[in-house]
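# Observations on the model geometry
Residue strings, one per chain:
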Amino acid sequence: MKRILITGALGQIGSELTLKLRDIYGADNVIATDIKKNDSEAAQSGPFEVVDVTDLKRMGEVAQKYQVDTIMHLAALLSATAEAKPVFAWNLNMGGLLNALETAKELKAQFFTPSSIGAFGPTTPKDQTPQDTIMRPTTMYGVNKVAGELLADYYYHKYGVDTRGLRFPGLISYVALPGGGTTDYAVEIYYEALKNGRYTCYIDKGTYMDMMYMPDALNAIVDLMEADPSKLIHRNSFNVTAMSFDPEEIAASIKKHIPGFKLMYDVDPVRQQIAESWPNSIDATAAKEEWGFTFEYDLDKMTKDMIEKLKPKFQMKISS
Ligand code: SER
């Protein structure tokens, strides 16, 4: 039986992962933690503790109190925010990760933390980026992710901590909004399409990035954590992706449901530069071979679901 502690449980991934894990493993076996509490379902539907991930003592006390056997460490700054506050990002992203790994070591707990396509850089092969390749990111977020992958591997080799990770692409969801990421446009575009019928995009046309719909991302986390360790050649972290598109292609997909939708551009040089330093598309063969990674949603299937799920929020009639 798993007993899981999640950090950053009220963030973009955590808000949904907490509920999914409570469904699978039982509400009392999933301890949600975040820097502050709110009235979301993730905070209210089971145990919740306030934990600042830079406070090792507090994290250790909460992990001990609930005798957890798994730690899922999600608390981190995304790429654009990290670029604006690089020292803070280093302290939070690396300090938080080190504390979470130390806690996992003490409790002999299994460990998950997400990496990202941001771990790649401008000298990485851009198309079908292999699992094992050049990783020289030029963003603070990317530096944190590469260092984090190495640190998680270090805890596996040195201390036997069962660390596992995924290099996530941009994650798209109708539940929790991301904040401060470079791929956030691919979420905002659906909200603006439904609200105003138009969207001004900060990423330029022709800029391709990998993306994945949140239900597939959550399944990938559960499947990786349940995978037979003897089959894992890699650990930190696996390339996973479900689609790659540029702003024009997601707009075309939205237009199938909202024919009058208009896409305009006002390119943000900072986020554009980050996007250009990342791959166009990554290769998830290692994840497929080593633990059976699959996904269900391509761009059009995701668009249909996003629009269906968001439509009631805006109470707007659209032709579909
Ligand atoms: N979605 C993340 C970001 O844009 C990438 O992992 O920062």
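Residues numbered from 1 in each chain as written. Predicted model: local features only at pLDDT ≥ 70, side-chain atom pairs only at ≥ 80, totals over all residues. Heavy atoms only, no water.

### A closer look at the sheet that holds strand 7 (residues 170–172)
- Taking strand neighbours across the sheet as the criterion, the 3 strands line up as 7-9-11 in an open arrangement whose pairing is mixed. Looking at strand neighbours, the two that pair on one side only are strand 7 and strand 11 (243–245), the edges of this open sheet. Averaged over all pairs of adjacent strands, the angle between strand axes in this sheet comes to 40°, irrespective of strand direction.
- The sheet contact formed by strand 7 and strand 9 (residues 209–213) spans 3 bridges and is parallel. The residue bridging Ile172 from the neighbouring strand is Tyr213, located in strand 9.
- In the packing of helix 8 (residues 214–226) onto the sheet, the strands contacted are strand 7 and strand 9, and the crossing angle to strand 9 comes to about 80°. (Pairing = 2+ DSSP bridges. Helix = DSSP H or I, 4+ residues; strand = E, 2+ residues; numbered from the N terminus. Axes fitted to C-alpha atoms, helices over the stretch in contact; angles between N-to-C directions. Contact = heavy atoms within 4.5 Å.)

### Structural notes on the layout of surface pockets
- Volume-wise, the second largest pocket comes out at about 200 Å³.
- Together, Glu16, Leu19, Lys20, Asp23, Ser173, Tyr174, Val175, Tyr213, Met214, Pro215 and Leu218 line the second largest pocket.
- At the level of elements, helix 1 (14–25) and helix 8 are the ones that each hand at least two residues to the lining of the second largest pocket.
- A per-class count over the lining of the second largest pocket returns 7 nonpolar, 1 polar and 3 charged. (1 Å grid on protein atoms, 1.4 Å probe; cavity = no way out; pocket = protein on both sides within 12 Å on 5 of 7 lines; lining within 4 Å. Points joined across faces, edges and corners; volume = space filled by probe spheres on them. Nonpolar A, V, L, I, M, F, W, Y, C, P; charged D, E, K, R; others polar.)

### Looking at the pattern of salt bridges
- In the structure shown here, the tally under the stated rule is 14 salt bridges.
- When the shortest N-O distance is used, the salt bridge between Glu192 and Lys195 registers 3.5 Å. Of this pair, Glu192 and Lys195 both sit in helix 7 (residues 185–196), separated by 3 residues, roughly a single helical turn.
- Overall, the relative accessible area of 22% leaves Glu192 in the partly exposed class.
- Notably, a salt bridge pairs Glu308 with Lys304, separated by 3.2 Å at the nearest N-O pair. One end of the pair, Glu308, and the other, Lys304, are both in helix 12 (residues 299–314), 4 residues apart, so they sit about a helical turn from each other.
- Under the relative-accessibility criterion, Glu308 is labelled partly exposed at 42%.
- Salt bridges sharing partners connect three or more residues here, namely Glu49, Arg58 and Lys65. (Salt bridge = Lys/Arg side-chain N within 4 Å of Asp/Glu carboxyl O. Buried < 20%, exposed > 50% of the residue type's maximum accessible area, 1.4 Å probe, protein only.)

### Some thoughts on the environment of Tyr190
- Inspection of the secondary structure puts Tyr190 in helix 7.
- The class of Tyr190 is buried, set by a relative accessible area of 1%.
- Note: C-alpha distance between Tyr190 and Ser173 (17 residues apart in sequence) is 9.8 Å.
- Beyond its immediate stretch of four places on either side in the chain, Tyr190 contacts Ile172, Ile250, Ile254, Leu299, Met302, Thr303, Met306, Ile307 and Leu310.

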